[in-house]
Amino acid sequence: MRKMDLQQWNDNKDFMEGYSYRKSTFENIDIRHDNEESFVEDLQKNNLLKIESSKGLLGLF
């Protein structure tokens with residue numbers, strides 16, 4: 001997410017804080033940014049991030 005953002009960030013902490021601010025300001029969505037675990041948890045809770053396990057070749061059949 002940080003790499004695809006139009007704004008340049010010094011580190012993950014700065015990105016998480018900025019992303020949380022934008023979501024809170026423009027969409028009234030609260031995302032914790034004190035650590036990466038809570039950030040990802042809140043992204044998932046708000047359907048902003050979906051983590052799926054990748055299936056190997058055999059998973060296709």
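Treat the numbers as computed from the prediction; the structure is a model and nothing was measured.

Is there a simple way to explain the environment of Ile31 in this structure?
Mapping Ile31 onto the fold places it in the loop between α1 (12–27) and α2 (36–45). When the C-alpha positions of Ile31 and Leu43 are compared, they lie 6.9 Å apart, and in sequence the two are 12 residues distant. When sequence neighbours within four positions are dropped, the list of residues in contact with Ile31 reads Tyr19, Ser20, Lys23, Phe39, Asp42, Leu43 and Leu48.

Looking at this structure, how should I read the side chain of Ser38?
Assignment of secondary structure puts Ser38 in helix α2. Assessed through its relative accessible area of 7%, Ser38 is described here as buried. In terms of polar contacts, Ser38 uses its side chain to reach the side chain of Asp34, at 2.8 Å.

Basis of the calculations
Residues numbered from 1 in each chain as written. Predicted model: local features only at pLDDT ≥ 70, side-chain atom pairs only at ≥ 80, totals over all residues. Heavy atoms only, no water. Helix = DSSP H or I, 4+ residues; strand = E, 2+ residues; numbered from the N terminus. Contact = heavy atoms within 4.5 Å. Buried < 20%, exposed > 50% of the residue type's maximum accessible area, 1.4 Å probe, protein only. Polar contact = N/O pair within 3.5 Å; in protein donor to acceptor, adjacent residues only side chain to side chain.

Just geometry here; none of it tells us what the structure is for.
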